[in-house]
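One letter stands for each residue in the lines below.
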Amino acid sequence: MATSFLQAAASTEKVNAPPALQVVQTEGLVLLKIIKHCKDLSPSLVTGQLLGLDIGTVLEVTNCFPFPNHQQENDINQETDDIGANYQLDMMRCLRDSNADSNVVGWYQSTPPGGCFQSVEFIETFMNYKENIGKCVCIIYAPSRSNIQGGLAGLKALKLSDTFLELYRNGNFSGESLRDKNISWADVFEEITIRVSNSALVSAFMSTLEPDRVTDQSDHDRLQISSKPLLESNVEFLIRCMDDLSTEQKKLKFYFKDVTRQQAWVQERRDENEARKAAGEDPLPEGDSSNPFFKPIPEPSRLESLLITNRIADYCNQIHRVAGHSFSRLSLIKALHDD
Amino acid sequence: MAASDRTVLQFGPSSAVTSNITAKVHPLVIFNISDCYVRRPDQAERVIGTLLGSVLPDGTVDIRNSYVVPHNEFSDQVALDIEYHHTMLKSHLKVNPQEVIVGWFSTGLGVTGGSALIHEFYCREVPNPVHLTVGTGFRNGEGTVKAYVSVNLSLGDRQLAAQFQEIPLDLRMIEAERVGFDILKSTSVDKLPSDLEGMEVLMERLLTLINDIYKYVDDTVEGHAVPDNSVGRILSETVASLPKLSPPAFDKLVNDSLQDQLLLLYLSSITRTQLSLAEKLNTAAQMP
């Protein structure tokens, strides 16, 4: 019925919750820019901003710009922050003047030299973006992977899953809360499919400027036989991660031991008190809060182990992929030689 | 008129210098220009912008990046937003200090009077800038990209005019090839191809190549096709470049790498099972 416009707007907002993000649609331009930036300044970590539009279940990324590298500057933190903020403002203003979308929808980064991007800083950056904009996505590009497997093998679009977000906001990472929400390490990050679209002009240019060839450079890259450096670095990172994981597990073990010890002590006191009551004496205090032995032991946060398991899974998957590739290449060589 | 007896129209300073300059354009530049052209304001007929890149040691100009500069063009006058140009230049230099101005671009074929003025402006920024024109009309179904340098025409001692002389242009599409042309050519691709699909496509392509070569060799031997010496030489070189190893040595090589890969696969599978155990400890373990 004809209610006031304000009421209608308010009601539609409640009914239509923002639809979940399912696809990220980028332009070829954005991909080329990201790849160029990551390759030019590899192996250091580089980041940049993604700009575009948010339409329903599709997040369109139409432009991007790189961030200057802060790690090279040894100034005070305040100065680098100012420089970074000025740079961003300048870029956004210029892009707006040239009619490009200046709506931030996320950021991109290349994989750091440590090998994997899953860290607490990553999650914190995500939270910062989420505060300011509704939907944000992070595109990760691994130049080392693409060199071996051709083209876009190292490109991924990620976002944090909603259940994990809630958990992070509460700051509670005990075993109970994880069990309640039924979160395992695989539920922390969600990968989104990437769709690529190009304007008609660009595709016309590409089609005319470069005739159809039977093979091209990406095939060359894929046919490279040596995958040893990548595998070696992966295994190295894997070893390091396993060490970290065992440290985390030791922490948990100590925690459990401490709690059992504390409970046993309390139980002993209780028994003693029963005996005393039977003998008619005053019961001893059960829990003496001033005694440091009785302080409730805080449960260690499981966040770090979640992230480490994610990293390990990533390395294992990479090894699997590269090894699988090598099988096909080796069989190709064998067939060639037999002839 | 002039001091000397014969006045000769000179292309100076020396055509040898200009004939050595070639330009190389990365596909990102073309993408950027097309994107800016599509987004231009309604009353503008063409877009103008700066080209960034570097000059390689052998003299070729490597054009790697670009950004558009808003401008206004009237019948004879051109107004360029210089502040925008400097701000963008500073920002780009912060990211990659090695990419400097090497020239400027404009869409639309041909060089107009306004272009000469703009070129003069860029001459003040950088010695001998390169002017790139990107034809977006596609009138004959052709997209043309041309590069020019400005050459001074002098008559004796007097400078008459500057002429735009075309220089050879090399469109390096290696980066685009690396990404995969199919993705960049079509107007929409639903999903990035996975590794297996990429390998499959690669195998098919190789198979077609080998079949073509086979057919060509057969035809040449039987006399159907005209034999081409250079092609034959390349083919024999390729076949000879296969390393000659005795079968047992080759088998050992292949089997060794195979075993290495299998070992790694086994290790990583074990690690993955370990992960599920670790997860149990993480979440399911509880105090009695």
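Computed from a predicted model, the values in this text were never measured in an experiment. (Residues numbered from 1 in each chain as written. Chains lettered and ligands numbered in written order. Predicted model: local features only at pLDDT ≥ 70, side-chain atom pairs only at ≥ 80, totals over all residues. Heavy atoms only, no water.)

K.L.:
How do you make sense of the pairing of strand β3 (residues 48-55) of chain B when you look at a structure like this?
P.N.:
Within a regular strand, side chains alternate between the sheet's two faces. Residue and element names in this part refer to chain B. Burial runs high along β3: 7 of the 8 residues are buried. The loop that links β3 with its antiparallel partner strand β4 (residues 61-69) comprises 5 residues; one of these, G59, has a positive phi angle of about 100°. The pairing of β3 with strand β7 (residues 100-107) spans 6 bridges and is classified as antiparallel. Across the sheet, residue L51 finds its bridge partner in β7, namely G103. (Buried < 20%, exposed > 50% of the residue type's maximum accessible area, 1.4 Å probe, protein only. Helix = DSSP H or I, 4+ residues; strand = E, 2+ residues; numbered from the N terminus. Pairing = 2+ DSSP bridges.)

K.L.:
Which parts of the structure should I look at to understand helix α2 (residues 27-38) of chain B?
P.N.:
Along an α-helix, residues three or four apart share an orientation, since each turn contains 3.6 residues. Helix length check: α2(B) (12 residues) gives 17 Å between terminal C-alpha atoms against 16 Å at 1.5 Å per residue, within 8%. Most of α2(B) is tucked away: 11 of the 12 residues are buried. (Expected span 1.5 Å × (residues − 1).)

K.L.:
Whenever I open this one, the packing of aromatic side chains confuses me. Can you help?
P.N.:
Aromatic ring pairs: the centre-centre distance and the angle between the two ring planes describe each pair. Scanning the model with the defined rule gives 10 aromatic pairs over all chains in all. Relative to A:Y129, the ring of A:W107 lies with its centre 5.1 Å away and its plane at 5°, an arrangement referred to as stacked. Taken together, the positions of A:W107 in strand β4 (residues 104-110) and A:Y129 in helix α4 (residues 120-132) put the pair 22 residues apart, joining distant regions of the chain. In this structure, A:W107 and A:Y129 share a single accessibility class: buried. Here the aromatic rings of B:F121 and B:Y122 are separated by 5.2 Å at their centres, their planes lie at 75°, and the arrangement is edge-to-face. Members of the aromatic cluster, joined through ring pairs, are A:W107, A:F122, A:F126 and A:Y129. (Phe/Tyr/Trp six-rings, centres within 6.5 Å; stacked < 30°, edge-to-face > 60°.)

K.L.:
Hey, could you run me through the pattern of salt bridges in this one?
P.N.:
A pair can form between side chains of opposite charge whenever their charged atoms are brought close. Overall, the coordinates contain 10 salt bridges over all chains when judged by the stated rule. Across the pair B:R39 and B:D35 runs a salt bridge, and its minimum N-O distance is 3.5 Å. (Salt bridge = Lys/Arg side-chain N within 4 Å of Asp/Glu carboxyl O.)

K.L.:
Honestly, the side chain of A:N198 in this entry has me stumped. Any pointers?
P.N.:
All names here are of chain A. For N198, the position within the fold is in the loop between β7 (189-197) and α8 (200-209). Judged by relative accessible area, N198 falls into the buried class, the value being 7%. Within polar-contact distance, the side chain of N198 engages the backbone nitrogen of G28 at 3.1 Å. (Polar contact = N/O pair within 3.5 Å; in protein donor to acceptor, adjacent residues only side chain to side chain.)

K.L.:
Mind showing me how you'd approach a nonpolar patch on the surface here?
P.N.:
A surface patch of nonpolar side chains, amounting to about 410 Å² of accessible area, comprises B:L263, B:Y266, B:L267 and B:I270. The exposed category is assigned to B:Y266, whose relative accessible area is 55%. (Patch = residues over 30% accessible without salt bridge, like charges linked within 9 Å, V, L, I, M, F, W, Y side chains within 5 Å. Areas by Shrake-Rupley, 256 points an atom, 1.4 Å probe, with all protein chains shown as cover.)

K.L.:
How should the confidence of the model for chain A be read in this particular structure?
P.N.:
Interpretation of the predicted coordinates at a detailed level should be avoided for regions scoring low in pLDDT. Per-residue pLDDT for chain A averages 74, and the proportion of residues at 70 or more is 73%. Every residue in residues 72-76 of chain A is under pLDDT 50, and counting partners more than four places away or in other chains gives 3 contacts. (pLDDT = per-residue confidence, 0-100. Contact = heavy atoms within 4.5 Å.)

K.L.:
I would appreciate a short explanation of the nonpolar core in the present structure.
P.N.:
Taken as a class, soluble globular proteins show a tendency for nonpolar side chains to be buried jointly. Among the nonpolar cores identified, the biggest contains 87 residues, and A:F65, A:F122, A:I123, A:L160, A:I312, B:I63 and B:L132 are the most heavily contacted of them. Counting residues per element, this core draws most heavily on helix α11 (residues 303-338) of chain A, at 10 residues. Contact partners of A:L160, with chain neighbours within four places excluded, come to A:I123, A:F126, A:L165, A:V188 and A:F189. Within the second largest apolar cluster, 22 residues are counted, among which are A:L21, A:V30, A:C64 and A:V105. (Core = buried A, V, L, I, M, F, W, Y, C linked by side-chain atoms within 4.5 Å.)

K.L.:
Please explain the state of the cysteines as it appears in this structure.
P.N.:
Disulfide: a covalent bond formed between the sulfur atoms of two cysteine residues. All names here are of chain A. Inspection of the entire model under this criterion finds 0 disulfides over all chains. With no disulfide partner, C136 has as its closest neighbouring cysteine sulfur the one in C138, 8.2 Å distant. Unpaired in this structure, C316 has its nearest cysteine sulfur neighbour in C241, at a distance of 9.5 Å. (Disulfide = S-S within 2.5 Å.)

K.L.:
I'm lost on the packing of α4(A) against helix α6 (residues 162-170) of chain A in this one. Help?
P.N.:
Two numbers describe a pair of packed helices, the interaxial angle and the distance between the axes. Residues and elements named next belong to chain A. For the pair α4 and α6, interaxial distance at closest approach is 12 Å and the crossing angle is 95°. In terms of axis orientation, α4 runs roughly perpendicular to α6. Facing α4, whose interface residues are V120, I123, E124, M127 and K130, α6 presents F164, L165, Y168 and R169. Per-class residue counts for the contact of α4 with α6 are 6 nonpolar, no polar and 3 charged. (Axes fitted to C-alpha atoms, helices over the stretch in contact; angles between N-to-C directions. Parallel < 35°, antiparallel > 145°, perpendicular 65-115°, else oblique. Nonpolar A, V, L, I, M, F, W, Y, C, P; charged D, E, K, R; others polar.)

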